[in-house]
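# Per-entry structural report
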Amino acid sequence: MVKKRNILNMTLAAMFMAIGIVLPFFTGQVPQIGKMLLPMHIPVLLCGLICGWQYGLVIGFVMPFLRYSMFGMPVLFPTGTAMAFELATYGMASGLFYSRSRWKCIISLYRSMIAAMLAGRIVWALAQMVLLGTGEGGFTLQMFMANAFINAVPGIVLQLVLIPGVMAALNRTGFVQFSKKTAKIQNMEG
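Remember, it's a predicted structure, so these values are computed and weren't measured experimentally.

Within the protein chain one finds nine helices and zero strands. Going from N to C terminus, the protein chain has its helices and strands arranged as α-α-α-α-α-α-α-α-α. For the protein chain, the C-alpha radius of gyration of 17 Å lies close to 16 Å, the compact-globule estimate for 190 residues. For the protein chain, the C-alpha atoms occupy an extent of roughly 55 × 35 × 30 Å along the three principal directions. When burial is assessed residue by residue, the protein chain has 41% of its 190 residues classed as buried. For the protein chain, contacts bridging at least 24 residues in sequence account for 70% of all contacts bridging at least 6. Carbon and sulfur atoms make up 71% of the accessible area of the protein chain, which totals about 10,400 Å².

Another aspect to go through is the side chain of Ser108. Mapped onto the elements of the fold, Ser108 is located in helix H6 (residues 106-132). With a relative accessible area of 7%, Ser108 lands in the buried category. Here Trp103 takes part through its backbone oxygen, which lies 2.6 Å from a polar atom of the side chain of Ser108. Residue contacts for Ser108: discarding those within four places in its chain leaves Tyr98, Ser101 and Trp103.

A few words now on a nonpolar patch on the surface. Together, Val22, Phe25, Phe26, Trp53, Leu57, Val58, Phe61, Val62, Leu66, Met70, Phe71 and Phe85 make up a nonpolar patch on the protein surface, roughly 1,000 Å² of accessible area in all. Here the nonpolar patch takes eight residues from helix H4 (residues 53-71), the largest share from any one element. Relative to the helices and strands, Phe71 is located in helix H4.

Structurally, Ser94 can be placed in helix H5 (residues 76-99). For the pair formed by Ser94 and Leu76, sequence separation is 18 residues and the distance between their alpha carbons is 24 Å. For Ser94, the residues in contact, after removing those within four places along its chain, are Leu45, Gly48, Leu49, Thr89, Ser112 and Ala116. Within the structure, Ser94 has its side chain in polar contact with the backbone oxygen of Gly91 (distance 3.3 Å).

For the bond from Met73 to Pro74, the omega torsion is -5 degrees, close enough to zero to count as cis. In this structure, Pro74 sits in the loop between H4 and H5. For Leu38, which is not glycine, the phi dihedral falls at a positive 50 degrees. Looking at the element boundaries, Leu38 is found in the loop between helix H2 (31-37) and helix H3 (41-51).

Compared with an ideal rise of 1.5 Å per residue, which puts 26 residues at 38 Å, helix H1 (residues 2-27) spans 37 Å between its outermost C-alpha atoms and is within 8% of the ideal. The sharpest bend along H1 reaches about 25 degrees and sits at Ile21, with the proline Pro24 one to four residues further on. Every buried residue belonging to H1 is among Asn9, Leu12, Ala13, Phe16, Met17, Gly20, Ile21, Pro24 and Thr27, and all of these are buried. Those residues of H1 that are buried lie in contact with H2, H3 and H4.

Cut-offs applied
Residues numbered from 1 in each chain as written. Predicted model: local features only at pLDDT ≥ 70, side-chain atom pairs only at ≥ 80, totals over all residues. Heavy atoms only, no water. Helix = DSSP H or I, 4+ residues; strand = E, 2+ residues; numbered from the N terminus. Rg over C-alpha atoms; globule rule 2.2 N^0.38 Å. Buried < 20%, exposed > 50% of the residue type's maximum accessible area, 1.4 Å probe, protein only. Contact = heavy atoms within 4.5 Å. Areas by Shrake-Rupley, 256 points an atom, 1.4 Å probe, with all protein chains shown as cover. Polar contact = N/O pair within 3.5 Å; in protein donor to acceptor, adjacent residues only side chain to side chain. Patch = residues over 30% accessible without salt bridge, like charges linked within 9 Å, V, L, I, M, F, W, Y side chains within 5 Å. Salt bridge = Lys/Arg side-chain N within 4 Å of Asp/Glu carboxyl O. Expected span 1.5 Å × (residues − 1). Bend = angle between axes of the 7 residues up to and from the residue.

What follows is the structure, encoded as structure tokens:
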């Protein structure tokens with residue numbers, strides 16, 4: 001049973017990697033919009049949630065480098081390198097927080113995603129500070145706020161709508177299981 005689960009996780013992780021490599025082509029036709037939608041973040045978050053934090057960490061870290069080696073984007077310095085650490089944090093944090101949640105439900109999913117997004121943005125900022133420095137011409141607080149939050153609002157909203165929708169659909173198919181106890185509580189509230 002464990003061997004079957006490991007094979008399934010490896011297969012799913014490979015699928016999420018492929019999605020992360022292809023998805024920017026659909027959003028990147030208009031570069032400004034493509035950057036705002038954060039297309040590589042979605043499969044990494046899903047990989048962490050579905051396959052576990054270990055797979056999310058590896059897929060998140062490798063994806064920008066693999067995509068660069070195949071298509072020359074994202075540019076490795078500083079964008080791709082900082083993005084590798086950011087995506088690795090997203091994959092690890094989403095999977096770790098969700099797996100340790102008392103109940104597997106939409107509320108736990110949102111908590112895990114928001115915590116992962118905040119952790120990923122902090123790691124991204126730290127990576128940018130190391131790569132660019134913090135002095136004049138380096139990484140500034142204004143750059144952090146603009147790139148991590150203000151310009152990313154469409155992508156954040158997309159993630160907060162799309163990922164729970166995918167997880168709820170997978171719950172209906174039985175592929176992902178939300179806790180029965182929490183489902184009863186949610187039904188009584190709704």
